Structure formats: C-alpha cells, structure tokens
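# A closer look at the structure
For reference, the chains in residue letters:
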Amino acid sequence: MGFMLELKQIIDKERVPYPDKEKLFLVLGLFLSGRISMGKAAELLDIRIDDFWLLLRKLGIEYSVLDEDEVEEELDAFKRIFKSSA
C-alpha cells in the first residue's frame with residue numbers, strides 16, 4: 001500500500017466539517033508549517049477567517065498567533081500590571 005493511498009484512507013475516515021478533506025488537509029499542512037497565513041488558508045478554503053479558526057478548534061488543533069517569545073513578553077507584562085495594581 002502506497003503512502004498516498006494510506007493517506008487518502010485516513011483522510012476519508014476522519015470526520016471533519018469540510019466537504020473536500022484532501023484540500024483541507026493540504027491547506028492545513030501549508031498553514032501549520034508556516035508557509036501560508038491564516039487569511040490565505042481561509043481564502044483557499046473559501047471560508048471566513050473566524051470559521052477557519054473554529055474549524056481548527058473542532059479538529060483539536062491548538063494554534064497561537066504568538067510565538068514563544070511573544071507569549072513570554074505578554075505574560076511578563078500581565079504580571080507587571082497586576083503586581084502593580086495589588
């Protein structure tokens with residue numbers, strides 16, 4: 001059994017709320033690898049960005065628009081703000 005046939009069987013078996021599963025998983029691969037933006041992914045799937053975000057959640061994909069350094073900066077700022085207001 002070839003890789004593509006096996007991949008197709010996995011895709012066909014998954015229950016996702018999008019009619020063209022092959023296109024969806026191709027776009028997800030491009031998006032999650034950082035090759036396309038969330039806006040471009042939504043455009044390619046012909047859905048709104050908020051619907052794409054909901055689709056990611058339904059698929060159990062956690063995605064942050066912040067990288068690790070940005071998350072640390074946000075947490076530090078949050079701690080400083082609430083520490084000074086206490």
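Structure: above.
Here's a quick rundown of the structure. Everything quoted here is computed from the prediction, not taken from an experiment.

Quick notes on the rules
Residues numbered from 1 in each chain as written. Predicted model: local features only at pLDDT ≥ 70, side-chain atom pairs only at ≥ 80, totals over all residues. Heavy atoms only, no water. Axes fitted to C-alpha atoms, helices over the stretch in contact; angles between N-to-C directions. Helix = DSSP H or I, 4+ residues; strand = E, 2+ residues; numbered from the N terminus. Parallel < 35°, antiparallel > 145°, perpendicular 65-115°, else oblique. Contact = heavy atoms within 4.5 Å. Nonpolar A, V, L, I, M, F, W, Y, C, P; charged D, E, K, R; others polar. Phe/Tyr/Trp six-rings, centres within 6.5 Å; stacked < 30°, edge-to-face > 60°. Buried < 20%, exposed > 50% of the residue type's maximum accessible area, 1.4 Å probe, protein only.

## Observations concerning the packing of helix 3 (residues 38-45) against helix 4 (residues 49-58)
Across the interface, helix 3 lies against helix 4 with an axial gap of 9 Å and an inter-helix angle of 95 degrees. It follows from the interaxial angle that helix 3 and helix 4 lie roughly perpendicular. Contact with helix 3, carried on its side by Met38, Gly39, Ala41, Ala42 and Leu45, involves Ile49, Phe52, Trp53 and Leu56 of helix 4 and no other residues of that element. Class assignment of the residues belonging to the contact of helix 3 with helix 4 gives a composition of 8 nonpolar, 1 polar and no charged.

## Some details on the packing of aromatic side chains
Considering all chains together, one arrives at 1 aromatic pair under this definition. With 5.1 Å between their ring centres and 85 degrees between their planes, phenylalanine 31 and phenylalanine 52 make a pair best called edge-to-face. Of this pair, phenylalanine 31 sits in helix 2 (residues 21-32) while phenylalanine 52 sits in helix 4; the two residues are 21 residues apart in sequence, bridging distant segments of the chain. Pair check on accessibility: phenylalanine 31 and phenylalanine 52 agree, each one buried.

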